[in-house]
Amino acid sequence: MPGTPADPRKRDTKRQWGSDKRTDPHPIVPPPVSEGRITRGRLAIVVTITVWACYVIYTIIQQFIAGHAHTVKLAIEAIVYMLVVTGLAASAIAYLITRIGYFYRARGHQRAPRIMLDEFIGGKTPSVTVLVPSYQEDERTNRTTLLSAALQEYPGLRVTLLIDDPRQPKTRAARDMLLAARALPAKIDAELRVPYLRVSGAYASFDEQVRLRGGYLIVLEDMRRLAAEYRFASDWLLDLGARQEMVDHTDTFFVENILQPLAVDLGQIATALETGADEHATLPLARMNQLYKRLLAIFDVTITSFERKKYVSLSHEPNKAMNLNSYIGLMGGAYQEVSTPLGTALVTAGPNRADLVVPNPDYVLTLDADSVLLPEYALRLVHLLEQGAFERHAVAQTPYSAYPGSATRIERISGATTDIQYIVHQGMTHYGATFWVGANAVLRKKALDQICETSYEGDWEIKRYIQDRTVIEDTESTIDLGVHGWSLHNYPERLAYSATPPDFGSLAIQRQRWANGGLLILSRLKDQFRAKSKREDKNRFGEYFLRVNYMASIFWSSICLLIMLAYPFNAELLNPILLLISVPYFFMMAADLKSLGYKRSDMLRIYGFNLILLPVNMSGSIASLLQLLTGEKSQFKRTPKVRDRTTAATSYLLLPLALIAFCIYTVWRDVQLGQWNNLVFATLNLVLSAYAMIAFVGPGNTIVDLLTHLKDWLVRPVKPRRRKERRKPAAGQAPKAPAIGDWAQVLHYRQEHGATAGQVTVRLQRTEGGDWRSDRPKSSTSSQAHLFEEFSFFTVFQPVYNMINGHVVGYEALTRFADGSNPKDSLAAAAERGVHVALDAALLQAAITASAALPNGTWLAVNVSADLLGRPHELAPLLAGSRRPLILEIGDAAPTGIAQLGADIRIAVDDLGSGYETLSMIESQRPAVLKLGLDTLRNLENETARQAAIRALVEFADQHGCTVIAEGIETAAQRDALVACGVPYGQGFHLGKPVPVERVLSGVGGW
């Protein structure tokens, strides 16, 4: 059945001139490489090495034997220049060698036929867990990635979204991303459950019918039923594609190259089954079972999520490696959530008491949140690793390719470099120099267990499978696996695609991270080669050379290019023969770009692109050197995945402009001095770097970013002034008595940092006999210091909304105790000990203090016990500390002594039902606020009599100057019914949950 193509009108509305016009992806299996292309590749290697050797020999003879370098300066220049030429030639040779290796592998690859994969699915397959680390990704990106993982043709798959977003977002957009990420796995799981239940039911019915017929007989109706299931699955996938939100080329790729081909494949099988049944042919039972299991494998998946930052017992290091490590370290265990003073921790528990059970899979598939997999990825790679020849391979992967059809020039050129890197990585496998590329990979869990390192953060055990010492964690893990005798393999097919940054700002962050780390772990190569020698495994020069080049070439190439650009070398060193060193490299890259669907001229664009990235690459390299010297980890910077443009750093804009200015100066100087050889090089750099700044960064974007940085530098945010400390009383002057007795009895402090930020601890003193005291002890000695016990609590604020316009008008302060106990129970326990008034005062003071940070223009409602309300002379000083209007919620207590608290203090009372008692209370007590409780709201949306009663109550309250607030609103239907009854204000979990003040400011908990 042909698929419906995605609507191109819904793709990127703005496409730059020079954007990617490719519509089709690269073929999954590389086309066979001609013998002529391989011959030209070999010739390019020979020419490059020969010309380099001739140049070095000629320069040594000219400068040192013939004596042209007759001064120390000239001798140093000659040595440095030969080293620069050697460094650049080494990088060129490495590329030329790896592409030959790629050609050999592409020509010799034999794809496993589908029938072998169906047999593999039909047997007992190893378990696989897919881990998708995600940090502040939009819902569409996460959904596409999770769907591509969930629709893998692999049975019993488990997909887990590792949400690493801040648990206390600072913006509403970040809050929305977090909530969407939490809800998304359940949504996709529910979607896939529909076809799975249907197909599994059909398979069970087929199996039962076959057993009733003796266990082997297949009839024509079985063929038609199986065809119907395949037809249903095909239509379901096409419908899924039709519902996909089409925003950019990544969505088009997902629909047209993942969903639709899979749907077409299933439709063809359905047609073949129908045709066979029409011709009165039946398949063997084994083949019918294989086809049912293949269909089940597509939808047999469990999708979950996990947040490591929820638990204090797991690492919170801000990098992808520790996000993965935290979950991998839990595999094979059952855990219980335990509340501690620092937060929730995971501790080992029996299966019957476990809150979290994490299976221990045979393989772990890691997949970045901006990447997608073709449906056969997991099946083909696990099938490969299960072969005897690959039993010592720890990692199998397909280096990712770039999506076709990108809308910006920089995406197209960045995608071209990505596709070139695919050739490089595939070629490195030919020489045994494979590196793990972290965007996607299938990892053997047994190998991960062998390289696991255990450390401790406080009392918590932290496991590291993937090293986070550098920001290119997959590279160091490659060395760890090699030390333990494991190999890695690049599967020679294109089965994975990943997004490239759409603007220069986000690209600079990505490339700076890539350049940071290789130098740090370069010395670890000796550990791998020493381990190979102990195993009597031969060390090959090609592997060593390619590994060193992979980790250090960004550094030495950047240094060499900067030296050539900046220093005016002796004209004798600039021999025209140098062109022959670089020409084969550029010609071969141009040919590779052409074969990948790009233009040959893109080779020059890539060169200019790399020129303006020189400051980025040098920044990453310098960060590596600083970490090497100081031992402090470099900050992990995630590549932004946003539709809006990311502002580029000032240095990444000014330094390329300085390079262009320097090239202009060099051209002028070369013309003046007649240095025509150097003039060609300088002119080329000037033209290409200027083109790159205009085409890939843009003059307008450059100006806007620089002005933004200038504004941020000139206009600094004003820091709030510190409060002046109260002066200590003069000698002999008695201190002013605090609100409740003497606060030597009630000592309170608030944590400002760490996991317990916002927590208030109140210490109440006991007698030596263990009894609680409410009076101040006559003496206080050091021997009595241990007689304090603590109540630790948080103040949370629930918003009160104007339900007409949706604005927040106030907040109610509520208390949550750190040990998880019910606040009423804690207050009751304090009452039994005679310290409930002191504790209630401490709760009130903490609420008023924390409320200072609430948004201006809102009031604060606080709960006050009857006992504290009966002490107005002690309550008034506490209330005087509030900076905003106060409402005292007194429940059904008698409002005695209210006048002593101040004229601006308003009282809120609870309703006594919607009958006469409430009306009488409003008339007699004249409260400012009446709160409607849960009993009054119960089934309000369905009972017209209750609605009429509330409508009359609201009208009566309004006549007596009383405002009605409904609390406990849990559904939209309740809210709408209350608004229809004339209730203006409301609060409840449907409108906004109680959250600490820090989360109030970040917009969390709101409507």
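Residues numbered from 1 in each chain as written. Predicted model: local features only at pLDDT ≥ 70, side-chain atom pairs only at ≥ 80, totals over all residues. Heavy atoms only, no water.

> Could you give an account of the packing of helix H4 (residues 139-150) against helix H5 (residues 172-212), naming the residues involved and the relevant values?
Orientation of H4 relative to H5, taken along the N-to-C sense of each, is 35 degrees, at an axis distance of 10 Å. Judged by the twist between their axes, the crossing of H4 over H5 is right-handed. For the pair formed by H4 and H5, the contact residues are Glu139, Asn142, Arg143, Leu146, Leu147 and Ala150 on the first element and Ala180, Ala181, Leu184, Lys187, Ile188, Glu191 and Leu192 on the second. Classifying every residue of the contact of H4 with H5 gives 8 nonpolar, 1 polar and 4 charged. (Axes fitted to C-alpha atoms, helices over the stretch in contact; angles between N-to-C directions. Helix = DSSP H or I, 4+ residues; strand = E, 2+ residues; numbered from the N terminus. Left-handed = near helix turned anticlockwise from the far one by under 90°. Contact = heavy atoms within 4.5 Å. Nonpolar A, V, L, I, M, F, W, Y, C, P; charged D, E, K, R; others polar.)

> Any details on the pattern of salt bridges? Residues and values, ideally.
Opposite charge on two side chains permits them to pair, given that their charged atoms come into close proximity. Counted by the stated rule, this structure contains 50 salt bridges. Residues aspartate 20 and arginine 22 are paired through a salt bridge, measuring 2.9 Å at the closest nitrogen-oxygen approach. We classify arginine 22 as buried; its relative accessible area is 12%. Between lysine 320 and aspartate 368 there is a salt bridge, with its nearest N and O atoms 3.1 Å apart. On the criterion of sequence distance, the pair formed by lysine 320 in helix H9 (residues 320-328) and aspartate 368 in the loop between strand E7 (363-367) and strand E8 (371-373) is long-range, its members being 48 residues apart. Residues joined in a network through salt bridges with shared partners are Arg111, Arg114, Asp118, Glu153, Asp265, Arg287, Arg294, Glu376, Arg380 and Glu493. (Salt bridge = Lys/Arg side-chain N within 4 Å of Asp/Glu carboxyl O. Buried < 20%, exposed > 50% of the residue type's maximum accessible area, 1.4 Å probe, protein only.)

> Residues and numbers for the sheet that holds strand E10 (residues 401-402), please.
Ordered in space as E8-E15-E10, the 3 strands form an open sheet in which the pairing is mixed. Lying at the two open borders of the sheet, with one neighbouring strand each, are E8 and E10. Pairing between E10 and strand E15 (residues 496-498): 2 bridges, direction parallel. When the bridges of E15 are listed, alanine 402 appears paired with serine 498. (Pairing = 2+ DSSP bridges.)

> Describe the packing of helix H11 (residues 409-430) against helix H22 (residues 676-697), with residues and values.
Two measures define how a pair of helices packs: the angle their axes make with one another and the distance between the axes. Two elements in contact, H11 and H22, have axes separated by 8 Å at closest approach and are oriented at 115 degrees. By the angle between their axes, H11 is roughly perpendicular relative to H22. Residues Arg409, Ile410 and Ile413 of H11 form the contact with H22, whose participating residues are Ile694, Ala695 and Phe696. (Parallel < 35°, antiparallel > 145°, perpendicular 65-115°, else oblique.)

> How would you sum up the sheet that holds strand E3 (residues 301-306)? Please name residues and give values.
As summarised here, the arrangement of the 7 strands in space is E3-E2-E1-E7-E11-E9-E14, forming an open sheet in which the pairing is mixed. Strands with a single pairing partner mark the edges of an open sheet, and in this sheet they are E3 and strand E14 (487-490). Adjacent strand axes in the sheet meet at a mean angle of 20 degrees when their direction is disregarded. Strand direction decides the pairing type here: strand E9 (residues 393-397) and E14, joined by 4 bridges, are parallel. Bridge assignment links glutamine 397 to a residue of E14, and that residue is asparagine 490.

The quantities given are spatial measurements derived from coordinates; they are silent on function.
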